[in-house]
Amino acid sequence: MAGLIRTLQQIRCERGSKFSVREMKMALLSSLGTPGLRGALYYTGTRSSSSGTLHIKEPLNFWCGGRVNIKDVKAKSEPVYEPATGRVLCQLQACGATEVDAAVRSARAAFTVWSKLAGMERARVMLEAARLIEKRREEIAEIEVVNNGKSITEARLDVDSARLCIEYFAGQATVLSGQHVQLAGGSFAYTRREPLGVCVGIGAWNYPIQIAAWKSAPAIACGNSMVFKPSPVTPATAVLLAEIYSQAGAPEGLFNVVQGGVETGSLLCHHPDVAKISFTGSVPTGKKIMEMASRGVKPVTLELGGKSPVIIFEDSDLENAVRGALMANFLSQGQVCSNGTRVFVQSSIVPQFLKEVVRRTKAILIGDPLLEETRMGALVSKPHLEKVLGYVDQAKKEGARVLCGGEPFIPTDPKLKDGYYMTPCVLDGCTDDMTCVKEEIFGPVMSVLSFDTEDEVLRRANDSSLGLAAGVFTKDIKRAHRVIENLQAGSCFINNYNITPVEVPFGGYKASGIGRENGQVTIEFYSQLKTVVVEMGDVDSLF
Ligand SMILES: NC(=O)C1=CN([C@@H]2O[C@H](COP(=O)(O)OP(=O)(O)OC[C@H]3O[C@@H](n4cnc5c(N)ncnc54)[C@H](O)[C@@H]3O)[C@@H](O)[C@H]2O)C=CC1
Ligand SMILES: C[N+](C)(C)CCCC(=O)O
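Note that residues are indexed from 1 along each chain, following the sequence as it is written. Throughout, the order in which chains and ligands are written sets their labels, letters from A for the former and numbers from 1 for the latter. Reporting of local features is limited, given that this is a predicted model, to residues whose pLDDT is at least 70; pairs of side-chain atoms are given and counted only at 80 or more, and all residues count toward the totals for whole chains, interfaces and linings. To obtain the side-chain values, all non-hydrogen atoms of the structure were included, while hydrogens and water were left out.

(A) Spatial organisation of the site of ligand 1. For ligand 1, the set of nearby residues contains 26 residues, the closest of which are G203, K229, S282, T285 and K387. Within the backbone of G305, a nitrogen or oxygen atom sits 3.5 Å from a nitrogen atom of ligand 1. Each accessible area is a Shrake-Rupley estimate made with a 1.4 Å probe; only the visible protein chains count as cover when residues are assessed. Look at ligand 1: alone it shows 810 Å² of surface, and the protein chains cover 87% of it. A run of H or I in DSSP becomes a helix once it reaches four residues, and a run of E becomes a strand once it reaches two; helices and strands are each numbered from the N terminus. When contributions to the shell around ligand 1 are tallied by element, the ones reaching two or more residues are α9 (262–270), β10 (274–280), α10 (283–295) and α13 (382–397). Residues of the shell around ligand 1, tallied by class, amount to twelve nonpolar, eleven polar and three charged. Near is defined per residue: the residue qualifies when any heavy atom it owns lies within 4 Å of the molecule or strand. Under the rule applied, a polar contact is a pair of N or O atoms within 3.5 Å (in protein, one hydrogen donor and one hydrogen acceptor; residues adjacent in sequence only if both atoms are side-chain atoms). Residues are grouped as follows: Ala, Val, Leu, Ile, Met, Phe, Trp, Tyr, Cys and Pro are nonpolar; Asp, Glu, Lys and Arg are charged; every other residue, Gly included, is polar.

(B) Seen up close, the pattern of salt bridges. What counts as a salt bridge is simple: a side-chain nitrogen of Lys or Arg found within 4 Å of a carboxyl oxygen of Asp or Glu. Enumeration over the complete set of coordinates arrives at 26 salt bridges. Between E82 and R87 there is a salt bridge, with the nearest N and O atoms lying 2.7 Å from each other. For the pair formed by E82 and R87, the shared burial category is buried. Between K417 and D418 there is a salt bridge, with its nearest N and O atoms 3.2 Å apart. Under the scheme applied here, a residue whose accessible area is under 20% of the maximum for its type counts as buried, over 50% as exposed, and between as partly exposed, the area being computed with a 1.4 Å probe on protein chains only.

(C) Spatial organisation of unusual backbone geometry. We note that C64 has phi near 50°; this positive angle belongs to a residue other than glycine. Assignment of secondary structure puts C64 in the loop between β1 (61–63) and β2 (66–68). Since its relative accessible area comes to 0%, C64 is described here as buried. The phi dihedral of N495 falls on the positive side, at around 55°, and the residue is not glycine. Positionally, N495 belongs in the loop between β21 (491–494) and β22 (509–510). Given the relative accessible area of 36%, N495 is considered partly exposed.

(D) Looking closely at the packing of helix α5 (residues 137–148) against helix α6 (residues 152–174). Between α5 and α6, the least distance of the axes is 8 Å, while the angle of their chain directions is 120°. Regarding the angle of α5 to α6, the classification is oblique. The handedness of the crossing between α5 and α6 is right-handed. Facing R137, E138, I140, A141, E142, E144 and V145 of α5, the residues of α6 in contact are I152, A155, R156, V159 and D160. Class assignment for the residues of the contact of α5 with α6 results in six nonpolar, no polar and six charged. With axes taken as lines fitted to C-alpha atoms, and helix axes fitted only over the stretch in contact, angles between N-to-C directions fall between 0 and 180 degrees. The labels follow the angle: roughly parallel below 35 degrees, roughly antiparallel above 145, roughly perpendicular from 65 to 115, and oblique for the rest. By definition, any crossing whose near helix is turned counterclockwise from its far helix by less than a right angle is left-handed, and any crossing with a clockwise turn is right-handed. Residue contacts are counted whenever heavy atoms from the two residues lie within 4.5 Å of one another.

(E) Expanded view of the site of ligand 2. Surveying the vicinity of ligand 2 reveals the residues N206, Y207, Q210, W214, E303, L331, V336, C337, S338, N498, T500 and F506. In this structure, C337 approaches ligand 2 through a main-chain N or O atom, which is 3.2 Å from an oxygen atom. Here ligand 2 has 320 Å² of accessible area as a free molecule, and 94% of this is covered by the chains. Tallied by class, residues from the shell around ligand 2 come to six nonpolar, five polar and one charged.

(F) Examining a nonpolar patch on the surface more closely. On the surface, V181, L183 and V533 cluster together into a nonpolar patch covering about 230 Å² of accessible area. As for its placement among the helices and strands, V181 is situated in strand β5 (residues 180–182). Patches here are clusters of residues that have more than 30% relative accessible area and form no salt bridge, with a 9 Å joining cutoff for like charges and a 5 Å cutoff for nonpolar side chains (Val, Leu, Ile, Met, Phe, Trp, Tyr).

(G) A look at the sheet that holds strand β6 (residues 188–195). Strand pairing is defined by DSSP finding a minimum of two bridges between the two strands. Spatially, three strands are ordered β5-β6-β24 in an open sheet, and the strand pairing comes out antiparallel. Here the strands that pair on one side only, and so sit at the sheet edges, are β5 and β24 (527–534). Between one strand axis and the next, the sheet turns through 20° on average, direction left out of account. Pairing of β6 with β24, which is carried by eight bridges, proceeds in the antiparallel orientation. In the sheet register, T191 faces β24, and the bridge partner there is T531.

(H) Region of interest: the nonpolar core. In terms of nonpolar packing, the biggest core is built from 73 residues, with I56, M126, I166, F169, L241, Y245 and F255 touching the most fellow members. It is α6 that provides the largest number of residues to this core, a total of ten residues. Contacts of I166, omitting those with residues within four sequence positions, involve M126, A130, I133, A213, A217, L241 and Y245. As used here, the term nonpolar core means buried Ala, Val, Leu, Ile, Met, Phe, Trp, Tyr and Cys residues forming a set that is joined through side-chain atoms within 4.5 Å. Listed in part, the 32 residues of the second largest apolar core include M434, V457, A470 and A489.

(I) Just the packing of helix α4 (residues 119–135) against helix α8 (residues 238–247), in detail. Close contact between α4 and α8 brings their axes to 8 Å; oriented N to C, the two are set at 130°. One finds that α4 runs oblique with respect to α8. Between α4 and α8 lies a crossing of right-handed hand. Here V125, A129, L132 and I133 of α4 lie close against α8, whose contacting residues are L241, I244, Y245 and Q247.

(J) Geometry of the environment of G119. By the secondary structure assignment, G119 is in helix α4. In the structure, G119 is positioned 56 residues away from W63 in sequence and 23 Å away in space, judged by C-alpha atoms.

(K) Local environment of the pairing of β10. Across the seven residues of β10, six count as buried, placing the element largely inside the fold. Whether a crossover is right-handed comes down to one check: with the strands pointing away from the viewer, does the path from the first strand over the helix to the second run clockwise; if it does, it is right-handed. Since β10 and strand β11 (residues 300–303) lie parallel, the crossover through α10 that links them has a hand, and here it is right-handed.

(L) Examining the packing of aromatic side chains more closely. Whether two aromatic rings pair depends on their centres lying within 6.5 Å, for rings of Phe, Tyr and Trp, where Trp uses its six-membered ring; planes under 30 degrees apart make the pair stacked, over 60 edge-to-face, and the rest tilted. Throughout the structure, instances matching the rule amount to seven aromatic pairs. For the ring pair W205 and F442, a centre distance of 5.3 Å and an interplane angle of 80° mean the geometry is edge-to-face. With W205 in the loop between β7 (198–202) and α7 (208–221) and F442 in the loop between α14 (435–438) and β18 (445–451), this residue pair connects regions lying 237 residues apart in the sequence. Take W205: its relative accessible area is 17%, and that puts it in the buried class. Consider the rings of F313 and F451, whose centres lie 5.4 Å apart with planes at 85°: the pair is edge-to-face.

(M) Geometry of the environment of G65. Within the fold, G65 resides in the loop between β1 and β2. Judged by its relative accessible area of 15%, G65 falls in the buried class. Between the C-alpha atoms of G65 and A107, which are 42 residues apart in sequence, the distance is 10.0 Å. Discounting chain neighbours no more than four positions away, the residues touching G65 are S246, E252 and G253.

(N) Geometry of α13. An ideal rise of 1.5 Å per residue puts 22 Å on 16 residues; α13 measures up with 23 Å between its terminal C-alpha atoms. Those residues of α13 not exposed but buried are H384, L385, V388, L389, Y391, V392 and A395. Buried residues of α13, viewed axially, fall in a sector of 145°; they line one side. In α13, the exposed positions that point more than 90 degrees away from the buried face belong to P383 and K397. On the buried face of α13, the contacting elements are β14 (401–404), β15 (408–409), β16 (421–422), β17 (425–428), α14 and β18. Backbone geometry just downstream of α13 places G399 in the positive-phi region, at approximately 105°. What a helix is expected to span follows from its residue count: subtract one and scale by 1.5 Å. This arc is built from the directions going out from the helix axis to the C-beta atoms.

Here it is, written out as structure tokens:
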């Protein structure tokens, strides 16, 4: 039965490639008039306000406009966990070469029609997708929480960020344009901003829905199609975005989801019909992606790790500096690439700073991430929790003082006893050579370092191979801008931290990445420029 459904989807998909632009426009208009008719939206299990009840049964792979069950083609299946409870949430069906190829073909078919639409037409579909995201905000956020472990409050903000990004790039789609250049003798040239083709998105587990939107929105705004591979740890929500795009009137195959890990990811990177790879994740994997892309001379966007500094001067508003340091370290259980995990505090205010930061860290309510009052949920997986706790042990061995946290945590609710919780940790007495100060921990561990002068702190802050983000807290405006100018980081903040409006570019210097996400400039990374020289006279031949 599943095989038959697949075959039907395949046929539908291949027919899709034969749609004319006119037919496509008609289909688009009719689907916009009847939202809700395309793409069944699955949500099995009881909706609840606490963890432990959702079971995902529907297939999580999606191409040719629908979910695809690949169980029958001896796909490798592996368990996916609910971090809050440690129970199995679903089985992941990893895609092999046949499935990756089917998804890329589906995307190729969509590209032929989507790339020929006017920007306004693409924008209309994207705005409808944004509206559907808003309508399903709570449902998407809940599934994100169940699969990722972060608090529902944060998950809602991630869904909002996904929606805003799609709205923003819908706007960009409408203003894509080239240039006209007057040449001698009445001749002229013009440029066309053209899409690249099938783009691949490879996501990390810390912001699953947000990453899927941050990659797909600029890609489709420019007229590309996409095959997206979520992290195998958090496969649940990308498929909802695929259904939403489809329901919003996107052609079949515009945004496809293939599940899997390293193998599936490398199949995508090596696929000859893929034009670009956009990746979010760790630095070592980013290097491998770049290597694979280089074989096909394919452009990459790499959004990699960080070990970012937050610099707090003695003249800063201490209340805001403390809030900023907490926001820089404990969002999403500390699993954020842009986190400011090296907190440099000017020596005269270290005692007050530590007192306040520790008091507030101890007060963070850890527990069931689906409860409104919870501020910190579970880390994403058991191995990851163990890795983070290992970093705390290592820090102690190297001489750092644990002022609070850094221990496994078992919530009182018995259903959460096997979840992956830990208490947020503040480390004092850190020095620049310690492992906790040098390596990306990717957990709720703040390292506090003391400094005396501006020159000294700039040198130490820049002493890293990474350069994703940086923050400075001071009331001295000249110092604020001077320090920022000298910090080697792509995403900087003055008197705040971890604010990422979709209107501004986000991305790293040095080994933290290549290219940018969000903001107008991202159009450059998902399109190419064609120059056309038009001769109005005769050919002046030398031969
Ligand atoms: N800076 C960041 O944004 C992130 C950093 N990390 C760090 O990396 C560590 C490892 O976590 P992972 O999830 O394994 O990160 P990863 O960077 O290895 O994986 C990210 C994505 O790349 C895919 N992938 C892995 N190897 C690949 C390959 N050879 N070809 C194509 N795709 C490939 C994965 O399936 C996943 O979808 C974490 O413990 C954390 O410290 C993890 C996620 C995000
Ligand atoms: C939204 N923010 C700043 C918390 C995270 C953005 C990037 C990321 O870690 O994937």
